[in-house]
Amino acid sequence: MKSINDDENANLTYLEVARGKEPGGAEPLAAETPVFKIIGRPTPRVDGRLIVTGRAKYTHDIVLKDMLVGKILRSPYASAEIVSLDLSAAKRIPGVLATVQLKEGRVRYEGEQVAAVAALDESTAEEALQAIRVEYKVLPHVVSPEKAVAEGAPQVLDSANVQKFNEYNRGNLEQGFAEAEVILERTYRTAFEIHHPVETHVSIAKWDEDRLTVWDSTQAVFNVRDGLARMLNIPASKIRVIKNYMGGGFGSKLGANEHTAVAAQLARETGRPVKIALSRKDNSLCVGNRPSSMITIKGGAKKDGTLTALQMTNYTSGGVGRGDRCSEPLVDIYKCPNVRVEEYTVFINAGASRPTRAPGHPQGTLAMEGFLDELAAELGLDPLELRRKNYSSKNQGDTGTPYSSKGLDQCYELGAEKIGWSRRNRKPGGGPGKKKRGIGVATQIWWGAGVPGTLADVKIHPDGSVEAVCGTQDIGCGTRTFMAVVVAETLGLEPQDITIKIGDTAYPWAPNSGGSQTAPSVAPAIRDAALKAAERMRALAAKRLDVPAAEIVLAEKKLFAKNNPEKSVSFLELARDLRREAVFHGERGDLPAGFAYNSFGAHFAEVEVDTETGQIKVLKVVAVHEIGRVLNKLTAESQVVGGVTQGLSAGLFEERVIDENSGKMVNPNLQTYKVATAQDVPEIVPIFVDLVDPRINNLGNKGLGEPPRIPSSAAIANAVYNAIGVHVREIPMTPDRVLRALRAKEASS
Ligand code: MOS
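These numbers come from a predicted model, not from an experiment. (Residues numbered from 1 in each chain as written. Predicted model: local features only at pLDDT ≥ 70, side-chain atom pairs only at ≥ 80, totals over all residues. Heavy atoms only, no water.)

S.K.: Just to check I follow, could you spell out the overall build of the chain for this structure?
M.R.: Within the chain one finds 20 helices and 27 strands. Dimensions of the chain, computed from the C-alpha atoms along their principal axes, are close to 85 × 75 × 45 Å. Considering the chain as a whole, with its 749 residues, one finds that 61% of them fall into the buried category. Intrachain contacts of the chain at a sequence separation of at least 6 include 80% that bridge at least 24 residues. (Helix = DSSP H or I, 4+ residues; strand = E, 2+ residues; numbered from the N terminus. Buried < 20%, exposed > 50% of the residue type's maximum accessible area, 1.4 Å probe, protein only. Contact = heavy atoms within 4.5 Å.)

Next comes the structure, spelled out in structure tokens:
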């Protein structure tokens, strides 16, 4: 088979190269051997210097001429009726330019927006908020899912507090349990988490006649544009959204926010730009959270570990928003013919959930992977062997569609070796001493195939300079760098030679940066554009050098004859022949039908648990991922380190706490809502399986945004189980929960 990496095929798309073995056949295509010079190597961020020296402009940094400060008054109550609202005193304060009522009637969570002001400065705006008089009739609230499901609980929305939102069946569950030789049932719980991006949400709105420009801290400039068009009832063509640099989003910044529409409204009313920045408290209350879960798994297996039945019931709460579908890991990863899932949302009086880095998966993975380890112990099997025993090559537990590529077996192999799997306790809790060590594993599945139709341009100027342009955004993962890497590779230039323009709806369309889809959408689009640019340059060089175009190679800022490198012309000199700016349009192609596109990974954790204090210390995490081709080793590793850190943080520390009596969140800041810091972070070893997805796109890369966030809490929980011989079954695994689990184990033995 020809390779896309052969220079002679550099202007073909991946699937053209693979022609003859079109997807749809059962025979998987052989993985390509990467021979790229820059793609896949560690390339420092092209904008790294700008970021670490504080010169990169974040939305918070933007100050426009005549810009006003907008502020929002929010409900202090979890449930209340607005009886009256009086803006007159606020209006009279000098320096207040606009006031607006945003809400009438019921408020259903603490932090719901009620009114807004625009003023000349921060303190005047603050003073104006204080001057707004609101009379509330406080109503009964319910803020814990356990209480919300009970008979007679205050009703949160206009419909029931508990609603089934997902049901899945395959095979014959009863028969599966009848065939089982061992049946186990366990319940696992996960807490509400807050996204807490370092940069809080912030928007600036500015009108020029009927045209609106918005600078927004967002993962999705096009979603914000289209959402604002709907909210403000104006054409999307009149709105431009810009996002330059951003301090994280994790799913909480995927669409148009209410406060952004308010900024636009206040800007229209005052005729001046308005900036609204949310406080850390606002960020805690009203721009999303990861739903809680309470997952019961009942499973059956043969003595050799063959799964015969899996049943899952989940009660998940997303406040006034929906809970998370947490069943995917159970439904998809392991071979099991008989499965039943029921998932219920439980509404409570708290801010609505939003997607949070791999929605539903950390919760479902904690439960499924914890269950497998408890089952392995019951069967006297090695937990890794149990996973391998039920390995699948198709989705839906080996009953569905074949995967485009799946390197999970290699993840297991590489990770087990690196962590020293054989050192684990054969029997959970079998180790000596009061500080007990353990090793655990957990598997991950995710999507992240990228979005067909993503557009990107490569421009070559007659002076030899090159731009890569795409309306995508960098949410902190290094979008600019992989774009530069791909274009430089394709044109024989260096990443620093490429000027990157992103983060603007004025540029070619790209999807939101969520769902791990940025790299597998944008990289193939810009690769496509760069291949077209290379083809044009090759044609020009062919004429000049009198060599067939097919024999021209682009490398080292030159174009030269493959068999006679002396015959060459510099990229710069050739660019002059273009005479004008030449634009090459690229597009991410379709995903071949007939395959499931998923990424896979396995994390291996080693922990030490102090059985006297309940303290868990994570010693090491080996994180192995199969994401097809790695575009940039350095930023990919950094993505994994961040994901593991977040998973550790959720596993040990993070939990939103709402006081049941007052209905108020008691830890709406980073002092009391504990997030892992540098001293909590162990040695993290990222490893990538050397594999290229032969079908997914012209580069063979899958997304990596969410995968490393998925299995680390579960791997750590399983390591704790291996250390102390009892599964804590609830995250965060705070010392009191660890001690309680130890106590329960003692009582039952
Ligand atoms: Mo992600 S939760 O799709 O930003």
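S.K.: Quick question: what am I supposed to make of the side chain of threonine 124 here?
M.R.: In this fold, threonine 124 is placed in helix H4 (residues 122-131). Residues contacting threonine 124, with those up to four places away along its chain left out, are Ile93, Pro94, Gly95, Val96 and Ala119.

S.K.: Is there a simple way to explain the environment of glutamine 473 in this structure?
M.R.: With respect to the helices and strands, glutamine 473 occurs in the loop between strand S18 (466-469) and helix H15 (479-491). Placed 38 residues apart in sequence, glutamine 473 and proline 511 show a C-alpha to C-alpha distance of 9.1 Å. When residues no more than four places from it in sequence are discounted, the contact partners of glutamine 473 are Thr218, Gln219, Ala220, Val221, Lys243, Thr479, Ile502, Gly503, Pro511, Asn512, Ser513 and Thr518. Here the side chain of glutamine 473 touches proline 511 through a polar contact of 3.2 Å, landing on its backbone oxygen. (Polar contact = N/O pair within 3.5 Å; in protein donor to acceptor, adjacent residues only side chain to side chain.)

S.K.: Looking at this structure, I do not really get helix H8 (residues 258-270). What am I missing?
M.R.: Every α-helix carries 3.6 residues per turn, so stepping three or four residues along brings you back to the same face. Spanning 13 residues, H8 covers 18 Å between terminal C-alpha atoms, matching the ideal 18 Å at 1.5 Å per step. Burial in H8 covers these residues: His259, Thr260, Ala261, Val262, Ala263, Ala264, Leu266, Ala267 and Thr270. (Expected span 1.5 Å × (residues − 1).)

S.K.: Is there a simple way to think about the sheet that holds strand S13 (residues 292-301) in this case?
M.R.: Spatial ordering of the open sheet is given by S7-S15-S14-S13-S8-S27, a layout of six strands whose pairing is mixed. At either margin of the open sheet sits one strand with a lone partner, and together these are strand S7 (162-170) and strand S27 (730-731). Sheet topology note: the S13/strand S14 (residues 307-317) ladder contains ten bridges and is antiparallel. Note that in S14 the partner of threonine 296 across the bridge is threonine 313. Across the sheet, helix H11 (residues 361-379) touches strand S8 (182-190), S13, S14 and S27, and the angle it forms with S8 is around 145°. (Pairing = 2+ DSSP bridges. Axes fitted to C-alpha atoms, helices over the stretch in contact; angles between N-to-C directions.)

S.K.: Sorry, what's going on with the confidence of the model for the chain here?
M.R.: Parts of the model with low pLDDT should not have their predicted coordinates read in detail. Mean pLDDT for the chain: 95, with 95% of residues reaching 70 or above. Between residues 1-34, whose pLDDT stays under 50, and residues either more than four places distant or in other chains, the model counts 70 contacts. (pLDDT = per-residue confidence, 0-100.)

S.K.: Help me understand the pattern of salt bridges, please; the structure alone is not making it clear to me.
M.R.: Counting across every chain of the model gives 43 salt bridges. Between lysine 71 and glutamate 122 there is a salt bridge, with the nearest N and O atoms lying 2.8 Å from each other. Residue lysine 71 is found in strand S1 (residues 68-74), and its partner glutamate 122 is found in helix H4; the two are separated by 51 residues along the sequence. A salt bridge links glutamate 342 to lysine 164; its shortest N-O distance comes to 2.9 Å. Of this pair, glutamate 342 sits in strand S15 (residues 339-346) while lysine 164 sits in strand S7, placing them 178 residues apart in sequence. A single network of salt bridges, built from pairs that share partners, joins Asp47, Asp474 and Arg480. (Salt bridge = Lys/Arg side-chain N within 4 Å of Asp/Glu carboxyl O.)

S.K.: Which parts of the structure should I look at to understand the side chain of serine 404?
M.R.: Secondary-structure assignment places serine 404 in the loop between helix H13 (395-398) and helix H14 (408-419). Engagement of the side chain of serine 404 in a polar contact is seen with the side chain of aspartate 693, the distance being 2.5 Å. Apart from residues no more than four positions distant in its own chain, serine 404 is found in contact with Phe595, Ala596, Tyr597, Asp693, Pro694 and Arg695.

S.K.: Got a minute to help me understand the packing of aromatic side chains in this structure?
M.R.: Each aromatic ring pair is described using two quantities: the centre-to-centre distance and the angle formed by the ring planes. A full pass over the atoms with the stated rule returns seven aromatic pairs. Taking the centre distance of 5.0 Å and the plane angle of 85° together, the rings of tyrosine 403 and phenylalanine 600 count as edge-to-face. Remark: phenylalanine 600 occurs in strand S24 (residues 599-610) and tyrosine 403 occurs in the loop between H13 and H14; sequence separation between them is 197 residues. With a relative accessible area of 6%, tyrosine 403 lands in the buried category. Centroid distance tryptophan 446 to tryptophan 447: 4.9 Å. Interplanar angle 65°. Geometry classified as edge-to-face. With a relative accessible area of 5%, tryptophan 446 lands in the buried category. Exposure remark for tryptophan 447: the relative accessible area of 37% places this residue in the partly exposed category. Directly above the aromatic system of tyrosine 391 lies the positively charged group of lysine 406, at a separation of 4.2 Å from the ring centroid. The ring of phenylalanine 653 carries the charged tip of lysine 674 above its face, separated from the ring centre by 4.5 Å. (Phe/Tyr/Trp six-rings, centres within 6.5 Å; stacked < 30°, edge-to-face > 60°. Lys NZ or Arg CZ within 6 Å of the ring centre and 35° of its normal.)

S.K.: What is the right way to look at empty space enclosed by the protein in this model?
M.R.: A probe as big as a water molecule, rolled over the atoms, marks out the empty space that is left. One pass over the full model with this rule turns up one cavity of 30 Å³ or more. When its volume is computed, the largest cavity comes out at roughly 70 Å³. Lining the largest cavity we find Glu110, Ser284, Leu285, Asn349, Ala350, Gly351, Arg656, Ile658, Gly663 and Met665. (1 Å grid on protein atoms, 1.4 Å probe; cavity = no way out; pocket = protein on both sides within 12 Å on 5 of 7 lines; lining within 4 Å. Points joined across faces, edges and corners; volume = space filled by probe spheres on them.)

S.K.: So what exactly am I meant to see when it comes to helix H7 (residues 221-232) here?
M.R.: Over its twelve residues, H7 extends 16 Å from the first C-alpha to the last, a length consistent with the 16 Å expected when each residue adds 1.5 Å. Taken together, the buried positions of H7 are Val221, Phe222, Val224, Arg225, Gly227, Leu228, Ala229 and Leu232. Packing partners of the buried residues in H7 comprise strand S10 (211-216), strand S11 (239-242) and H8. The first or second residue beyond H7 is asparagine 233, which carries a positive phi of 55°.

S.K.: What's the story with unusual backbone geometry in this structure? I'm lost.
M.R.: Note on backbone geometry: most residues besides glycine have negative phi, and most peptide bonds are trans. With an omega of 0°, the peptide bond between isoleucine 731 and proline 732 qualifies as cis. Note on placement: proline 732 falls in the loop between S27 and helix H20 (735-748). Unusually for a residue other than glycine, phenylalanine 250 sits at a positive phi of about 55°. Note that phenylalanine 250 resides in the loop between S11 and H8. Taking relative accessible area as the criterion, phenylalanine 250 reaches 27% and is therefore assigned partly exposed.

S.K.: Looking at this structure, I do not really get the sheet that holds strand S6 (residues 133-138). What am I missing?
M.R.: Backbone-to-backbone hydrogen bonds join strands into a sheet, with any given pair of strands oriented parallel or antiparallel. With antiparallel pairing, the three strands of this open sheet are ordered in space as S4-S2-S6. The open sheet has two edge strands with one neighbour each: strand S4 (105-107) and S6. Adjacent strand axes in the sheet meet at a mean angle of 40° when their direction is disregarded.

S.K.: Can you walk me through the packing of helix H18 (residues 633-652) against helix H19 (residues 712-724) in this structure?
M.R.: The geometry of a pair of packed helices is captured by two quantities: the angle between their axes and the separation between those axes. Where H18 contacts H19, the two axes come as close as 7 Å, and the packing angle between them is 55°. By the criterion of interaxial angle, the relationship of H18 to H19 is oblique. Viewed along their axes, H18 and H19 form a crossing whose handedness is right-handed. Mapping the contact onto sequence places Gly643, Val644, Gly647, Leu648, Ala650, Gly651 and Leu652 in H18 and Ser712, Ser713 and Ile716 in H19. When its residues are assigned to classes, the contact of H18 with H19 shows five nonpolar, five polar and no charged. (Parallel < 35°, antiparallel > 145°, perpendicular 65-115°, else oblique. Left-handed = near helix turned anticlockwise from the far one by under 90°. Nonpolar A, V, L, I, M, F, W, Y, C, P; charged D, E, K, R; others polar.)

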